[in-house]
Amino acid sequence: MKNSQAQKMLDTTIKQIAGFDNTLTLEQCKQKFAYDIDLPIEVYDTTTGEPTWTVTANAGKYMTLQNVRDRVGVDDWMLPKREMKSANDILAAWSEVNYATTERHIESLNIGESDTIYFSENVYRSQDVTKCKNVAFCCGVNTSEYLIASQRSGGSTHCIRLEDSGECSNSFNVVWSNNIVSSLFIQDSSNLYECMFCSKLKDKKFCVANMQLEEAEYYRLKELVLAWLFSAV
């Protein structure tokens, strides 16, 4: 996946949440929103020197999935038989074939700088992603679309910074919550629509900091928060 495609994904997600055009670059988004999320690290293929991405930080020796597959076509990863008299002999032979495979994808399309991706499409700088489309800077997400900087969440769309949450949409910074729609900074709540900075609430709308507001006042405050939240400063 190209950086330009990932940028377009980010632009689409922020436009859906905020209602205005995004001004953040991919790197600004990563620094601002994904600072605490486990993401693949850049290493180098030991056999070719090319950069690649992995979730395995301390393997020492790496090979991309494509290069592993190419090697299978050469010798089926078999070494000629040799005499081995000690554990050191076995370990020496083991070191000749023991590479950590990087950029592992199963039945996935258009994946960039990612590892351990399953049945997904359009994934950028993420890991442990299953049955998702259009995600970036994510870890441990599933069955979702247009997620940015999220972890351990699923069943959601157009969200940024979901954590341990599900069935959310058009929202930002939702933690341990369910069925949250068009809301910002929500924790330990469920069934909220258009709420901000709320915790431990259920079945509410137009609340700010657990206070009930009139709809017009709520939207006035939300406009201020969105401008602050997605500023490039």
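Scroll up a little and you will see the structure.
Residues numbered from 1 in each chain as written. Predicted model: local features only at pLDDT ≥ 70, side-chain atom pairs only at ≥ 80, totals over all residues. Heavy atoms only, no water.

Peer 1: What should I look at first to understand the overall build of the protein chain in this one?
Peer 2: Each helix and strand in the protein chain was counted, giving 5 helices and 22 strands. For 233 residues, the compact-globule formula gives about 17 Å, and the C-alpha radius of gyration of the protein chain, at 22 Å, lies well above that figure. Across its three principal directions, the C-alpha atoms of the protein chain cover 80 × 30 × 30 Å. Within the protein chain, the proportion of its 233 residues that are buried is 46%. Of the contacts formed within the protein chain by residues at least 6 apart in sequence, a portion of 28% connects residues at least 24 apart. Here the protein chain has roughly 12100 Å² of accessible surface; of this, 52% comes from carbon and sulfur atoms. Both charge centroids of the protein chain, one from 23 positive and one from 31 negative side chains, sit 1 Å from each other. (Helix = DSSP H or I, 4+ residues; strand = E, 2+ residues; numbered from the N terminus. Rg over C-alpha atoms; globule rule 2.2 N^0.38 Å. Buried < 20%, exposed > 50% of the residue type's maximum accessible area, 1.4 Å probe, protein only. Contact = heavy atoms within 4.5 Å. Areas by Shrake-Rupley, 256 points an atom, 1.4 Å probe, with all protein chains shown as cover. Lys, Arg positive; Asp, Glu negative; His and termini not counted. Charge placed at Lys NZ, Arg CZ, Asp CG, Glu CD.)

Peer 1: Looking at this structure, how should I read the nonpolar core?
Peer 2: In summary, soluble globular proteins display a tendency toward joint burial of nonpolar side chains. Of all hydrophobic cores here, the largest spans 33 residues; its most connected members are Phe 33, Phe 137, Ile 148, Ile 160, Phe 172, Leu 184 and Phe 230. Elements supplying a minimum of two residues to this core: α1 (3–18), α2 (26–33), β12 (145–148), β17 (184–187) and α5 (215–229). It is α1 that contributes the most residues to this core, 6 residues altogether. Residue contacts for Leu 184: discarding those within four places in its chain leaves Ile 17, Phe 172, Cys 195, Met 196, Phe 197, Lys 222, Val 225 and Leu 226. Listed in part, the 20 residues of the second largest apolar core include Ile 111, Ile 117, Cys 168 and Cys 195. (Core = buried A, V, L, I, M, F, W, Y, C linked by side-chain atoms within 4.5 Å.)

Peer 1: Can you help me understand the pattern of salt bridges in this one?
Peer 2: Two side chains of opposite charge can pair, provided their charged atoms sit close to one another. This model, assessed by the stated rule, comprises 12 salt bridges. Notably, a salt bridge pairs Arg 220 with Glu 217, separated by 3.0 Å at the nearest N-O pair. Remark: Glu 217 and Arg 220 occur in helix α5; sequence separation between them is 3 residues, near one turn of the helix. By sharing partners, the salt bridges in this structure join Arg 152, Glu 163 and Asp 164 into a single network. (Salt bridge = Lys/Arg side-chain N within 4 Å of Asp/Glu carboxyl O.)

Peer 1: Help me understand the packing of aromatic side chains in this model?
Peer 2: Describing an aromatic ring pair means giving the distance of the ring centres and the angle of the ring planes. Per the stated rule, a full pass over the model turns up 12 aromatic pairs. An aromatic cluster of three or more residues is present, and its members are Phe 33, Phe 172, Phe 185, Phe 197, Trp 228 and Phe 230. Directly above the ring of Tyr 99 sits Lys 61, whose terminal nitrogen or CZ lies 4.5 Å from the centroid. (Phe/Tyr/Trp six-rings, centres within 6.5 Å; stacked < 30°, edge-to-face > 60°. Lys NZ or Arg CZ within 6 Å of the ring centre and 35° of its normal.)

Peer 1: What am I meant to see in the side chain of Ser 114 here?
Peer 2: By the element assignment, Ser 114 lies in the loop between β6 (109–112) and β7 (115–118). Here the side chain of Ser 114 touches Arg 125 through a polar contact of 3.1 Å, landing on its backbone nitrogen. For Ser 114, the side chain forms a polar contact with the main-chain nitrogen of Ser 126, separated by 3.0 Å. Setting aside chain neighbours within four positions, we find Ser 114 in contact with Pro 40, Trp 53, Glu 103, Arg 104, His 105, Val 123, Tyr 124, Arg 125 and Ser 126. (Polar contact = N/O pair within 3.5 Å; in protein donor to acceptor, adjacent residues only side chain to side chain.)

Peer 1: Could you clarify how one ought to interpret the environment of Gln 28 in this entry?
Peer 2: Its location among the elements puts Gln 28 in helix α2. Sequence-wise, Gln 28 and Pro 80 are 52 residues apart; in three dimensions their C-alpha atoms are separated by 51 Å.

Peer 1: Got a minute to help me understand unusual backbone geometry in this structure?
Peer 2: The bulk of non-glycine residues show a negative phi, and the bulk of peptide bonds are trans. Its identity is not glycine, yet Glu 107 carries a phi of approximately 45°, on the positive side. Here Glu 107 shows up in the loop between β5 (105–106) and β6.

Peer 1: Explanation requested: the environment of Ser 86 in the structure shown.
Peer 2: Locating Ser 86 in the fold gives a position in the loop between α3 (65–75) and α4 (87–97). Expressed as a C-alpha distance, the spacing of Ser 86 and Leu 24, which sit 62 residues apart in the sequence, is 58 Å.

Peer 1: Before we go on, may I ask you to explain α3 in this structure?
Peer 2: Residue pairs three or four apart in sequence face the same way in an α-helix, which turns once every 3.6 residues. What α3 keeps buried is the set Leu 65, Asn 67 and Val 68. Viewed end-on, α3 has its buried residues packed into an arc of 160°, placing them on one side of the element. Turned more than 90 degrees away from the buried face of α3 sit Gly 73 and Val 74, all of them exposed. Lining the buried residues of α3 we find β3 (62–64), β4 (100–102) and β5. Asp 76 sits one or two residues past α3 and shows a positive phi near 60°. (Arc of directions from axis to C-beta.)

Remember, this is a structural readout, not a statement about activity or role.
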